[in-house]
Amino acid sequence: TQHFLSSLFSLISPETCKGIRVCGSGGPLLADLLKIKNENEFRAIARGSGELYPDISTVFEMGGQNAKFISLERYNHSSEVSIKDYGKSGDCAAGTGSFIDQQAFRLKYTVEEIGDIATGAARSAKIAGRCSVFAKSDMVHAQQKGYQPPEVLKGLCEAVARNFKSSIVKGKQFSKPVLFIGGVAANIGVVQALRFVLQLNESELIVPPTYAWLVAIGADLIEMKSPP
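Criteria and cut-off values
- Residues numbered from 1 in each chain as written.
- Predicted model: local features only at pLDDT ≥ 70, side-chain atom pairs only at ≥ 80, totals over all residues.
- Heavy atoms only, no water.
- Helix = DSSP H or I, 4+ residues; strand = E, 2+ residues; numbered from the N terminus.
- Polar contact = N/O pair within 3.5 Å; in protein donor to acceptor, adjacent residues only side chain to side chain.
- Contact = heavy atoms within 4.5 Å.
- 1 Å grid on protein atoms, 1.4 Å probe; cavity = no way out; pocket = protein on both sides within 12 Å on 5 of 7 lines; lining within 4 Å.
- Points joined across faces, edges and corners; volume = space filled by probe spheres on them.
- Nonpolar A, V, L, I, M, F, W, Y, C, P; charged D, E, K, R; others polar.
- Expected span 1.5 Å × (residues − 1).
- Buried < 20%, exposed > 50% of the residue type's maximum accessible area, 1.4 Å probe, protein only.
- Arc of directions from axis to C-beta.
- Pairing = 2+ DSSP bridges.
- Axes fitted to C-alpha atoms, helices over the stretch in contact; angles between N-to-C directions.

Chemist: Explain the side chain of S89 to me, please; I cannot follow it from the model alone.
Modeler: Within the secondary structure, S89 is located in the loop between β5 (81-88) and α4 (97-106). Here A67 takes part through its backbone nitrogen, which lies 3.0 Å from a polar atom of the side chain of S89. Beyond its immediate chain neighbours, meaning those up to four positions away, S89 contacts Q65, N66, A67, T96 and I168.

So this is what it looks like as structure tokens:
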């Protein structure tokens with residue numbers, strides 16, 4: 001992070017920077033080291049979504065260490081929103097980016113390769129999505145039964161989607177369209193699996209261009225309106 005900031009300030013003057021906030025699972029540590037404010041991710045997501053996507057009231061977020069469901073309430077069609085309802089994964093990494101990364105590594109794939117490979121499979125293996133130990137066992141068993149790696153990876157993407165539905169959404173009612181953000185949104189295999197599991201079409205589950213940066217944008221918007 002310090003290297004990144006050094007690169008940034010080689011392009012712009014530090015004097016032009018009003019303030020800096022940090023988000024994410026490593027936020028508290030970085031905030032303490034850099035003496036800056038750690039921003040709440042839910043608050044940042046709500047702020048960024050409210051400003052950039054005025055027609056959205058539901059956000060799915062899936063990152064490296066946790067996943068979130070956020071239902072937003074908008075005031076008079078303005079950019080001001082509040083969090084109406086939410087859900088979040090627990091301490092276990094199952095169903096997150098690190099879970100996908102770990103299982104892909106076992107098949108000797110990088111996490112960036114999974115999506116395209118999985119979408120090319122004609123069928124999917126049944127993989128447990130709530131525990132990495134069970135997932136490993138299911139993946140080995142599937143290969144023993146003759147499933148090819150792309151079919152196992154497709155099953156892995158579907159397992160993540162099922163886990164999100166059962167553990168985080170938990171039968172909650174939500175409005176469409178849904179904004180899908182976080183690093184895992186770059187995985188087309190998971191995107192398609194979520195659409196299938198939650199019965200959403202392409203116009204109902206949207207991956208925005210800002211999928212990986214919406215939290216940071218929201219934190220920046222909060223900082224801009226904070227008192228000096």
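Chemist: Whenever I open this one, the layout of surface pockets confuses me. Can you help?
Modeler: Where empty space is left in the structure can be found by rolling a water-sized probe over the atoms. Taken as a whole, the largest pocket encloses approximately 910 Å³ of empty space. Where the lining of the largest pocket is concerned, the elements lending two or more residues are α1 (2-9), β1 (21-22), α2 (27-34) and α9 (214-224). Here the element with the most residues in the lining of the largest pocket is α9; it accounts for six residues. Classifying every residue of the lining of the largest pocket gives 20 nonpolar, 10 polar and six charged. As a volume, the second largest pocket reaches approximately 240 Å³. Surrounding the second largest pocket, G97, I100, D101, V111, E112, G115, D116, G183, V184, A186, N187 and I188 form its lining. Secondary structure elements with two or more residues in the lining of the second largest pocket: α4 and α5 (114-119). The element that contributes the greatest number of residues to the lining of the second largest pocket is α4, accounting for three residues. Here the lining of the second largest pocket is built from residues that sort into five nonpolar, four polar and three charged.

Chemist: Help me out: how do you make sense of helix α6 (residues 132-144) in this one?
Modeler: Along an α-helix, a turn takes 3.6 residues, which lines up residues three or four apart on a common side. Over its 13 residues, α6 extends 18 Å from the first C-alpha to the last, a length consistent with the 18 Å expected when each residue adds 1.5 Å. Those residues of α6 lying buried are A135, M139 and A142. Within α6, the buried residues cover an arc of 65° as seen down the axis, which keeps them to one side. Away from the buried face of α6 by more than 90 degrees, exposed residues V133, F134 and Q144 are located. Residues of α6 that are buried sit in contact with α4 and α7 (149-169). Just downstream of α6 lies G146, where phi reads positive at about 105°.

Chemist: How do you make sense of the sheet that holds strand β3 (residues 58-62) when you look at a structure like this?
Modeler: The strands that make up a sheet pair up through hydrogen bonds in the backbone, lying either parallel or antiparallel. Spatially, five strands are ordered β5-β4-β3-β6-β7 in an open sheet, and the strand pairing comes out mixed. Each edge of the open sheet carries a strand with a single partner, namely β5 and β7 (205-206). Along the sheet, α7 makes contact with β3, β4 (67-74) and β5, crossing β4 at roughly 55°.

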